[in-house]
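The lines below spell out each chain.
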Amino acid sequence: MLSLTRPVVFRATTASIFTTAAVLSKEGLARTATVFRTHTLTQSTSRLSTVTHSTIRPNPSSSILSPLHRRIPLKVSVPLVALVAGTVLYGTIDSFKHRTLALQRVLLAAEAVVVTGYDYKLTLSYGSRDLKAGDPEDEQERRRRKNRLHKRSAERVMTMMKRNGGIFIKLGQHLASLKYLLPEEWTKTMEPLQDRCLPSSMESIQGLFLSDLGQPLSEVFSSFDLTPIGVASLAQVHRATLRDGREVAVKIQHPNLSEFSEIDMKTIAALAKFIAYTFPEF
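Small disclaimer: the values here were computed from a predicted structure and weren't measured.

A. Main features of the overall build of the protein chain. Scanning the protein chain for helices and strands turns up eleven helices and four strands. Across the 282 residues in the protein chain, those meeting the buried criterion constitute 29%. When the accessible area of the protein chain is evaluated, it comes to approximately 19400 Å², of which 61% is carbon and sulfur surface.

Here's what the structure looks like:
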């Protein structure tokens with residue numbers, strides 16, 4: 001970087017020259033002073049301009065403009081890369097997709113059961129501390145609170161069963177029949193699972209025909225009603241017409257039943273042990 005003191009030194013030198021030139025004629029002195037004054041001003045302005053541009057010129061190695069500081073933060077880039085990689089694997093590798101869906105089913109079931117267990121423990125232990133034992137009004141309020149607890153717990157579990165489908169629907173149907181054992185809120189909440197099951201998508205059914213028969217629906221039937229006439233926990237029924245004109249009823253097992261039946265049964269067994277451990281009196 002150029003020094004700002006040089007113009008000052010140059011002026012001092014110029015002043016010495018002026019003193020030495022005092023013996024010159026008046027005209028020569030004036031001419032000399034004009035030349036040196038102009039030269040000094042030009043040099044000072046040039047150097048100051050050089051210093052100014054050198055000072056404000058961006059430094060490529062500066063930490064402010066360094067590419068390292070312009071990159072995406074690590075806490076953002078890592079989840080982003082994981083999301084993109086997971087999406088690609090989910091759409092291209094069947095085994096990865098199967099494991100992902102299986103994990104999702106396990107987590108849904110575990111969440112519903114664990115939250116319900118915690119809700120029962122908390123409500124039964126601390127939810128009625130403000131009520132007096134033996135007081136008729138307080139006892140009635142205690143029953144209302146317990147009924148609300150049964151109702152929201154049953155709805156939480158039923159929502160999980162409808163989302164997972166398959167064996168969980170069959171379990172819900174079984175719970176609806178346990179009127180001699182479970183509270184009324186539980187059995188009534190589970191009743192819709194007996195005749196209002198969710199149907200499998202047509203995409204999954206078409207995939208089932210391709211994998212089992214090696215043919216699409218259009219080659220097996222001349223017509224196929226996409227709306228099922230009945231849906232149960234394990235299968236659904238469709239109207240269809242064969243190529244020879246015969247009308248038939250086609251009963252199709254839910255495609256995800258065989259895919260997830262093993263993991264679903266292990267999940268239900270594990271959650272049953274959790275319930276037995278958490279509520280030994282039940």
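B. Spatial organisation of the pattern of salt bridges. For the structure shown, the criterion picks out 13 salt bridges. Across the salt bridge formed by Asp 119 and Arg 156, the nearest N and O atoms sit 3.5 Å from each other. Here the residue Asp 119 occupies a position in helix H5 (residues 94-126), and Arg 156 occupies one in helix H6 (residues 136-164), the gap between them amounting to 37 residues. Given a relative accessible area of 25%, Arg 156 falls into the partly exposed group. Salt bridges sharing partners connect three or more residues here, namely Asp 130, Glu 141, Arg 144, Arg 145 and Arg 148.

C. Up close: a nonpolar patch on the surface. On the surface, Val 114, Phe 274 and Ile 275 cluster together into a nonpolar patch covering about 210 Å² of accessible area. As for its placement among the helices and strands, Phe 274 is situated in helix H11 (residues 255-278). Exposure remark for Phe 274: the relative accessible area of 31% places this residue in the partly exposed category.

D. Structural view of the pairing of strand S3 (residues 235-242). Counting buried residues in S3 gives six out of eight residues, a clear majority hidden from the surface. As paired strands, strand S2 (residues 230-231) and S3 are joined by two bridges and run antiparallel to one another. Bridge pairing links Val 231 to Gln 236 in S3. As paired elements, S3 and strand S4 (residues 247-253) share seven bridges and run antiparallel to each other.

E. How the structure looks around the nonpolar core. Formed by 24 residues in total, the largest nonpolar core has its most connected members in Val 157, Met 160, Met 161, Leu 175, Trp 186, Met 190 and Leu 193. Looking at this core, the elements that each hand over two or more residues are H5, H6, helix H7 (167-176) and helix H8 (184-190). Looking at which element gives the most residues to this core, the answer is H6, with six residues. Counting residues in hydrophobic clusters, the runner-up holds eleven residues, among them Phe 209, Phe 221, Phe 224 and Ala 240.

F. Quick look at the side chain of Arg 105. Relative to the elements of secondary structure, Arg 105 occurs in helix H5. Here the side chain of Arg 105 touches Asn 164 through a polar contact of 2.7 Å, landing on its backbone oxygen. A polar side-chain atom of Arg 105 sits 2.6 Å from a polar atom in the side chain of Asp 264. For Arg 105, the residues in contact, after removing those within four places along its chain, are Asn 164, Gly 165, Phe 168, Asn 256, Phe 260 and Asp 264.

G. Focus on the side chain of Asp 138. Its place among the elements puts Asp 138 in helix H6. Buried charged residue Asp 138 carries no salt bridge. Nearest counter-charge: Lys 132, at 6.1 Å. Those residues in contact with Asp 138 that sit more than four places away from it in its chain are Leu 131 and Lys 132.

H. Local environment of the packing of aromatic side chains. Counting across every chain of the model gives three aromatic pairs. For the pair Tyr 120 and Phe 279, a centre-to-centre distance of 6.3 Å together with 80° between the ring planes defines the contact as edge-to-face. Residue Tyr 120 is located in helix H5, and its partner Phe 279 is located in the segment after H11; the two are separated by 159 residues in the primary sequence. On the accessibility criterion, Tyr 120 (12% relative accessible area) is buried. Owing to a relative accessible area of 13%, Phe 279 belongs among the buried residues under this scheme. An angle of 75° between the planes, with centres 5.9 Å apart, marks the rings of Phe 209 and Phe 221 as edge-to-face. Of the two residues, Phe 209 sits in helix H9 (residues 202-213) while Phe 221 sits in strand S1 (residues 221-224), which places them twelve residues apart along the sequence. Exposure class is identical for Phe 209 and Phe 221. Each is buried. Members of the aromatic cluster, joined through ring pairs, are Phe 209, Phe 221 and Phe 224.

The rules behind these values
- Residues numbered from 1 in each chain as written.
- Predicted model: local features only at pLDDT ≥ 70, side-chain atom pairs only at ≥ 80, totals over all residues.
- Heavy atoms only, no water.
- Helix = DSSP H or I, 4+ residues; strand = E, 2+ residues; numbered from the N terminus.
- Buried < 20%, exposed > 50% of the residue type's maximum accessible area, 1.4 Å probe, protein only.
- Areas by Shrake-Rupley, 256 points an atom, 1.4 Å probe, with all protein chains shown as cover.
- Salt bridge = Lys/Arg side-chain N within 4 Å of Asp/Glu carboxyl O.
- Patch = residues over 30% accessible without salt bridge, like charges linked within 9 Å, V, L, I, M, F, W, Y side chains within 5 Å.
- Pairing = 2+ DSSP bridges.
- Core = buried A, V, L, I, M, F, W, Y, C linked by side-chain atoms within 4.5 Å.
- Polar contact = N/O pair within 3.5 Å; in protein donor to acceptor, adjacent residues only side chain to side chain.
- Contact = heavy atoms within 4.5 Å.
- Lys, Arg positive; Asp, Glu negative; His and termini not counted.
- Phe/Tyr/Trp six-rings, centres within 6.5 Å; stacked < 30°, edge-to-face > 60°.

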